[in-house]
Amino acid sequence: MLTQTTSRVLEPSDLDAALAILHREPVANAFVTARIQVAGLDPWRLGGEMWGWYEGGVLTSLCYAGANLVPICATPRAVRAFADRARRAGRRCSSIVGPADATAALWRLLEPQWGPAREVRTHQPLMVTDRMPDAVAPDPYVRRVRKDELQTIMPACVAMFTEEVGVSPLAGDGGLLYQARVAELVGAGRSFARFDADGKVVFKAEIGAATGRACQIQGVWVAPEHRGKGVAAPGMASVLRYALTDFAPVVSLYVNDFNTPARRTYERVGFQEVGAFMSVLF
C-alpha cells in the first residue's frame, strides 16, 4: 500500500479505485469512463496509460495519457505531478483536453517544453440534458446508420472532423485508425444520420461515449447546402431520443464557444451549460 504522496501508472488491479474517481463526475468523465469499462487499465488494451495521484496513500486524481492527455478530478498538486511525468515521457498525444481549469493549469506547465500548440480552445461549454424538448419535434428521417453504409457516412465524418479540428483525419496513416473508429460506432449502433433521396448525408451525429450514467454526443454535422434550413435542431432531437432511450439517463456534449449557431441549436433542444472544457491541439 502506498503511504506517501506520489504518482504512478495504474495497473489492472487498480480498476475499482479508478472507477470510483471517475464516478465523482460521471458527465465530464464519460469518455474516459467508457474506455476503461471496456478495456480496463491494461495499457495495450486501453491505448494508453492511466496515471494516478496519491495523497497519503489514497488515490485522489487521474490522468489518461493516450492519444489525448486528459486530467481527471485533478487537484493542483496532481496537475504538477502529471506535468512532470508528461515532460519526462515526451509528447505522444495529439491534444490535451479536459475540464478547463485543470487543463489550463496543465498546459501552463507543459507549454514551455511542448509549445507552441497549433490551436488552444480555452472555453468549450459542457452542456447537459436529461429530457426531450417540448418545442422541437424529432426528425423522423434520422436513423441509425447501417453497417453497409460505412462508405456513405465516411465522407461526412471526414468533413466534420476536418472542419472541427482543422486537420484531416486521413493524414498520417491514410485514415485507417479513423475509419476503424467510425466503423466501431456504426457497428455499436451509435452513429445516426439523415440521408437525402440520392443517399447523401444531410445530417449526422454519433454517441461517442456511453456509460450507465451518462453518454456524450459528438460529431454533429450538417451538409453545407442544408445549413440554415432548420435541419440541425430536429436532427439533434432525434439523436437525443435514441440516447435517452437506449444508452443513458443523462446526455452531454461540449461545443466551441465561438460556434454560435451550434450553441443556439443545442439550447433549443434543451441542453444547458453546466461547465467548461478546454482543448490544446497539436
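This is a predicted model, so every value here is computed, not measured.

Engineer: Looking at this structure, how should I read the overall build of the protein chain?
Structural biologist: In terms of helices and strands, the protein chain carries nine helices and twelve strands. Its C-alpha atoms give the protein chain a radius of gyration of 19 Å, near enough to 19 Å, the size a compact globule of 282 residues would have. In terms of its C-alpha atoms, the protein chain occupies a principal-axis envelope of roughly 65 × 35 × 35 Å. Burial status across the protein chain gives 50% buried among its 282 residues. Restricting the contact set of the protein chain to residue pairs at least 6 apart, pairs at least 24 apart contribute 68%. Approximately 13400 Å² of the protein chain is accessible, and the part contributed by carbon and sulfur atoms is 53%. Of the side-chain charges in the protein chain, 31 are positive and 28 negative, and the distance between the mean point of each set is 1 Å.

Engineer: What is the right way to read helix α1 (residues 15-22) from this model?
Structural biologist: Two residues of an α-helix separated by three or four positions point the same way, owing to the 3.6 residues in each turn. Taken residue by residue, α1 has Ala-18, Leu-19, Ile-21 and Leu-22 as its buried positions. The buried side chains of α1 occupy one side of the element, clustering within an arc of 155° when seen end-on.

Engineer: How should the environment of His-226 be read in this particular structure?
Structural biologist: With respect to the helices and strands, His-226 occurs in the loop between β10 (215-222) and α8 (232-246). The sequence separation of His-226 and Phe-203 amounts to 23 residues, and the corresponding C-alpha distance is 8.5 Å. The residues touching His-226, leaving out its near neighbours within four places in the chain, are Val-202 and Val-231.

Engineer: Just to check I follow, could you spell out the packing of aromatic side chains for this structure?
Structural biologist: To describe a pair of aromatic rings, one takes the distance between the centres and the angle between the planes. Inspection of every chain in the model, using the stated rule, returns seven aromatic pairs. Plain terms: the ring middles of Phe-161 and Tyr-178 are 5.2 Å apart, the flat faces sit at 65° to each other, and that makes the pair edge-to-face. In this pair, Phe-161 sits in helix α6 (residues 150-165) while Tyr-178 sits in helix α7 (residues 176-187), placing the two residues 17 residues apart along the sequence. An aromatic cluster is defined as three or more aromatic residues linked by ring pairs; in this entry it consists of Trp-107, Trp-114 and Phe-282. The ring of Phe-282 has Arg-91 lying over it, and the distance from NZ or CZ to the ring centre is 4.3 Å.

Engineer: Honestly, helix α9 (residues 260-268) in this entry has me stumped. Any pointers?
Structural biologist: Here α9 has its buried residues at Ala-262, Thr-265 and Tyr-266. Seen along its axis, α9 keeps its buried residues to an arc of 95°; they face one direction. Away from its buried face by more than 90 degrees, α9 exposes Arg-264 and Arg-268. Buried residues belonging to α9 abut β6 (119-129), β10, α8 and β11 (251-254). The first or second residue beyond α9 is Gly-270, which carries a positive phi of 110°.

How each quantity is defined
- Residues numbered from 1 in each chain as written.
- Predicted model: local features only at pLDDT ≥ 70, side-chain atom pairs only at ≥ 80, totals over all residues.
- Heavy atoms only, no water.
- Helix = DSSP H or I, 4+ residues; strand = E, 2+ residues; numbered from the N terminus.
- Rg over C-alpha atoms; globule rule 2.2 N^0.38 Å.
- Buried < 20%, exposed > 50% of the residue type's maximum accessible area, 1.4 Å probe, protein only.
- Contact = heavy atoms within 4.5 Å.
- Areas by Shrake-Rupley, 256 points an atom, 1.4 Å probe, with all protein chains shown as cover.
- Lys, Arg positive; Asp, Glu negative; His and termini not counted.
- Charge placed at Lys NZ, Arg CZ, Asp CG, Glu CD.
- Arc of directions from axis to C-beta.
- Phe/Tyr/Trp six-rings, centres within 6.5 Å; stacked < 30°, edge-to-face > 60°.
- Lys NZ or Arg CZ within 6 Å of the ring centre and 35° of its normal.

Read these as geometric descriptors, not functional statements.
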